[in-house]
Amino acid sequence: MNFHLRLWRQKSADTPGRFEGIEATNITPDCSFLEMLDIVNNRLITDGEEPIAFESDCREGICGTCSLVINGVPQGPGRGAACQVYMRKFKDGETIFVEPFRAGSFPILKDLVVNRSAYERIMRAGGFITEHTGGAPDASAILIPKPVADKAMDAAACIGCGACAAACPNSSAMLFVGAKVTHLNLLPQGQPEAKKRARAMVRAMDEEGFGNCSNYYACEAVCPASVSASVIAKLNRDYIKGEVSEAVGAID
Amino acid sequence: MILDAKIPAGPLEQKWTNFKNNAKLINPANKRKFNVIVVGSGLAGASAAATLAELGYQVDCFCFQDSARRAHSIAAQGGINAAKNYQNDGDSVWRLFYDTIKGGDFRAREANVYRLAEVSRNIIDECVSQGVPFAREYGGELTNRSFGGAQVSRTFYARGQTGQQLLLGAYSALSAQIGLGRVQMHEHTEMLDLVLVNGHAKGIVARNLITGEIKSHAADTVLLCTGGYGNVFYLSTNARGCNVTATWRAYKRGAAFANPCYTQIHPTCIPVAGDYQSKLTLMSESLRNDGRVWVPKKQGDDRPPQDIPEEERDYYLERKYPSYGNLAPRDISSRSAKEACDSGRGVGPGGLGVYLDFSAAIQRLGRNTIEERYGNLFEMYENITGESAYERPMRIYPAIHYTMGGLWVDYNLMSNIPGLHVLGEANFSDHGANRLGASALMQGLADGYFVIPNTLGEYLSTQFGGPKITTDLPEFKKTEEEVRERVNKLLSVKGTVPVDTFHRELGLILWDKCGMARTEAGLKEAIAEIKALRERFWKEVCVPGVGAELNQSLERAGRVADFLEFGELMCLDALTREESCGGHFRVEHQTPDGEALRHDDKFAAVFAWLYKGDGKDPELEREPLSYEAVHLATRSYK
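Residues numbered from 1 in each chain as written. Chains lettered and ligands numbered in written order. Predicted model: local features only at pLDDT ≥ 70, side-chain atom pairs only at ≥ 80, totals over all residues.

Enquirer: In this structure, what is going on with the packing of helix H5 (residues 174–186) of chain A against helix H6 (residues 194–207) of chain A? I would like to understand it.
Expert: Packed helices, taken two at a time, are described by their axes: the angle between them and the distance between them. Residue and element names in this part refer to chain A. Relative to each other, H5 and H6 sit at 170°, their axes nearing to 10 Å. By the angle between their axes, H5 is roughly antiparallel relative to H6. Residue-level inspection shows Val177, Lys180, Val181, Leu184 and Asn185 of H5 in contact with H6, the latter providing Ala194, Arg197, Ala198, Met201, Val202 and Met205. Here the residues of the contact of H5 with H6 are counted per class, giving 8 nonpolar, 1 polar and 2 charged. (Axes fitted to C-alpha atoms, helices over the stretch in contact; angles between N-to-C directions. Helix = DSSP H or I, 4+ residues; strand = E, 2+ residues; numbered from the N terminus. Parallel < 35°, antiparallel > 145°, perpendicular 65-115°, else oblique. Contact = placed C-beta atoms within 7 Å. Nonpolar A, V, L, I, M, F, W, Y, C, P; charged D, E, K, R; others polar.)

Enquirer: How should I be thinking about unusual backbone geometry in this particular structure?
Expert: Note: most residues except glycine have negative phi, and most peptide bonds are trans. In this structure, A:Ser171 takes a positive phi of about 45° despite not being glycine. Considering the arrangement of structural elements, one finds A:Ser171 in the loop between helix H4 (163–167) and H5. Here the phi dihedral of B:Phe106 falls at roughly 55°; this positive angle occurs in a residue that is not glycine. For B:Phe106, a count of 23 C-beta atoms within 10 Å puts it in the buried group. (Buried ≥ 20, exposed ≤ 12 C-beta atoms within 10 Å, placed from the backbone.)

Enquirer: How should the nonpolar core be read in this particular structure?
Expert: Note on soluble globular proteins: their nonpolar side chains tend to be buried together. By size, the foremost hydrophobic cluster in this structure holds 290 residues, and its most contacted members are A:Cys164, B:Ala49, B:Leu223, B:Leu224 and B:Leu407. Dropping the residues within four chain positions of it, B:Leu407 is found in contact with B:Leu224, B:Thr247, B:Ala250, B:Ala255, B:Ala256, B:Phe257, B:Ala258, B:Ser415, B:Val422, B:Ala426, B:Asn427 and B:Phe428. (Core = buried A, V, L, I, M, F, W, Y, C linked by C-beta atoms within 7 Å.)

Enquirer: It is not clear to me how the interface of chain A and chain B should be interpreted in this structure. Could you clarify?
Expert: The parts lose accessible area when they come together, and the size of an interface is often stated as this lost area. If you look at the interface, chain A gives 64 residues, while chain B gives 62 residues. At the level of secondary structure, the elements contributing two or more residues to the side of chain A that touches chain B comprise helix H1 (33–46), strand S6 (108–110), helix H2 (117–126), helix H3 (146–156) and H5 of chain A. Tallying contributions element by element places H1(A) first for the side of chain A that touches chain B, with 7 residues. Split into classes, the residues belonging to the side of chain A that touches chain B amount to 30 nonpolar, 18 polar and 16 charged.

Enquirer: I tried to follow the sheet that holds strand S1 (residues 3–9) of chain A on my own but got confused; where do I start?
Expert: Two modes of strand pairing occur in sheets, parallel and antiparallel, and in both the strands are linked by backbone hydrogen bonds. Residue and element names in this part refer to chain A. Spatially, 5 strands are ordered S2-S1-S5-S3-S4 in an open sheet, and the strand pairing comes out mixed. Whereas interior strands pair on both sides, the edge strands pair on one side only; in this sheet they are strand S2 (18–24) and strand S4 (73–74). Bridge count for strand S3 (residues 68–70) against strand S5 (residues 95–100) is 3 bridges, and the pairing is antiparallel. The residue of S5 that forms the bridge with leucine 68 is proline 100. (Pairing = 2+ DSSP bridges.)

Below, the structure is given as structure tokens:
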């Protein structure tokens with residue numbers, strides 16, 4: 001198969017970028033999208049041109065390193081991350097647009113590589129249960145009904161890739177934040193810090209410049225881990241409880 | 001040189017307790033004065049960095065990924081073992097210990113493995129308290145599944161994403177410590193060399209992968225938690241970025257590399273489809289709880305699987321190993337798959353595949369149950385192959401997955417270089433010649449949460465009162481200079497061949513000659529071929545761009561250059577170990593029915609290799625393995 005790629009090329013964070021046309025030729029349909037880019041890169045290197053910078057690591061959809069927008073869709077067509085997109089999904093001769101995640105809080109570093117450290121700072125503000133290694137009770141002492149454990153797991157499946165914020169017209173990170181808050185706040189172990197966690201993470205998110213949710217659900221549509229937008233409802237509830245609790249000086 | 005494993009005295013069951021009772025402690029006020037470098041942020045690195053910071057040490061943690069959460073532990077699927085005996089099926093610390101020693105084909109250290117089994121129970125407690133959402137029963141209790149090489153159900157799991165959930169637990173603990181300012185996190189930063197001051201590991205030289213800046217970092221001790229070297233084979237289940245550079249650089253600074261030939265080939269991966277392929281995808285071993293492995297009895301039988309009647313199928317694992325059946329250990333299952341394919345009965349393109357069939361389980365349990373247990377794996381399989389495993393059996397084939405070898409460490413997890421500690425897959429210590437499923441997560445977290453916090457004091461307590469180590473010391477400047485030279489050398493070859501081409505060639509040599517079956521002649525050929533390939537690399541490789549920028553070709557070139565050296569050591573180790581054990585199968589040494597034949601009289605020892613200079617043969621040191629509690633037996637899973 002052959003494809004005309006329209007690829008975003010950008011030398012560095014502080015230089016302007018633009019779409020460039022690059023041909024991908026002789027591609028097998030069983031090839032993954034990233035393997036297609038590998039083939040193109042090896043050809044560019046052999047021709048003495050600069051290869052396309054793009055990040056990937058596990059290539060099985062779990063590490064969340066991919067940061068590609070394919071034909072306008074963060075993480076590309078179908079479920080899963082961009083590394084799980086296979087060329088058999090495209091038509092021979094098709095023009096494919098490839099660009100990096102677009103969100104003000106994810107500055108572009110080079111070509112298709114973005115800086116997602118904003119997510120790290122949100123996690124550091126409250127995406128954890130404070131506990132001390134060695135002080136845990138026996139695991140069987142905490143009973144968690146299966147439906148609760150399952151719901152927590154659904155939310156915990158978030159791979160932290162940033163597609164949600166990249167897809168959102170408001171560049172909101174609320175699916176990401178909601179996923180962590182839902183995962184931890186549903187569990188008995190997460191209760192002591194539940195309100196504080198929601199408050200701290202939302203404040204950190206605002207500080208990073210992400211917008212808020214206005215119910216587009218674009219995040220849910222692109223999420224490679226199928227995290228449901230209902231986590232945002234849970235986030236809102238816990239956040240309001242957290243703010244009110246602080247405003248009236250209650251004990252969290 | 002004598003490799004002293006520093007095994008504590010006393011009976012096996014008492015060693016760890018005795019150790020802790022007598023361990024050197026560092027008081028809280030002094031912990032603040034010690035700086036610890038942790039390289040890697042996977043299960044071992046993140047858990048160590050978080051726990052040491054909780055204890056009060058000043059920690060600097062490095063990862064080459066853009067976030068600590070993306071370390072490759074994230075991709076582990078099936079589960080984590082722990083001797084909890086929640087199922088009341090006869091499990092115990094002793095049984096987990098014995099299964100691990102036996103699974104490793106009696107080539108691991110008794111004391112380390114016993115400690116691992118002991119702390120396995122604390123790991124589950126710890127993870128649950130962090131909020132890891134393990135699978136549960138309706139009553140709220142934790143549930144378990146079985147894994148290879150065990151007859152009990154001791155594996156805890158979170159769907160098919162156990163590694164992800166455990167890593168996110170450790171990462172959340174690490175994030176909390178970063179937020180508190182106790183850990184300085186260095187993302188997108190790759191260690192390129194180890195710095196020794198008066199023979200002690202006192203820092204690293206690392207490259208910022210975004211700016212290209214090469215910089216030194218000083219500390220009182222260095223912990224390498226940098227994972228395994230499976231990517232030396234090019235195609236493996238490892239992530240693209242996994243590499244041997246950190247441990248190889250440490251080796252070239254004097255750290256002993258132990259048992260490099262012990263590599264694990266995982267029996268259930270999606271088969272290779274073409275030469276464009278960049279990685280192989282694992283299908284979790286947990287699938288063998290419900291899937292049955294078979295090939296047609298007839299050679300070259302190309303009927304679709306559903307048309308092959310029951311009596312014309314060979315369920316070879318059930319036939320050969322009736323008591324463990326489809327849950328035979330990985331090395332044995334892989335070799336059996338190879339045998340079946342070598343005998344012309346393989347299925348799929350090129351005959352390099354066997355079936356993993358769920359139809360019986362779907363009939364017995366219903367499609368919903370199977371979907372609940374393995375839904376994401378089936379989806380992944382369909383995505384990659386375009387086939388639904390609900391309707392026809394999966395096609396699987398073995399692939400490189402894990403490496404049991406690694407830097408030599410003593411009981412305290414310290415290498416032969418004072419101050420250099422090695423944790424997780426990067427060390428050699430606990431799995432012998434073959435690792436059992438669901439034990440890698442256990443070891444990574446055991447080392448980070450429970451072992452190193454107790455053993456680090458043994459070294460640090462000897463480091464009071466010396467001059468403060470800073471990066472102004474000439475040792476740092478010199479190492480930095482050497483790293484710069486090496487980077488410039490890669491950039492100045494200016495050939496025309498992409499790095500990937502050399503990596504792929506190296507992989508083919510090793511898969512062919514140092515893979516599932518190894519021979520003296522093949523290994524000798526491999527060594528010669530690797531040498532020639534390495535020469536070509538330094539003449540023909542093309543690394544475009546410059547050093548002071550985000551340059552992925554340069555990153556890859558550095559890693560492949562190290563693999564090209566490391567691959568030779570791996571073959572040399574395989575050549576020297578003239579026996580078969582676990583994942584190391586020397587064709588010359590097998591029983592009449594094709595099982596691994598060990599030679600305990602000569603090889604019940606760790607082979608630790610010491611670097612003696614480029615172009616010179618490394619020196620072999622042996623650490624004899626003495627078994628006090630278990631009887632060296634021939635492994636049988638029949």
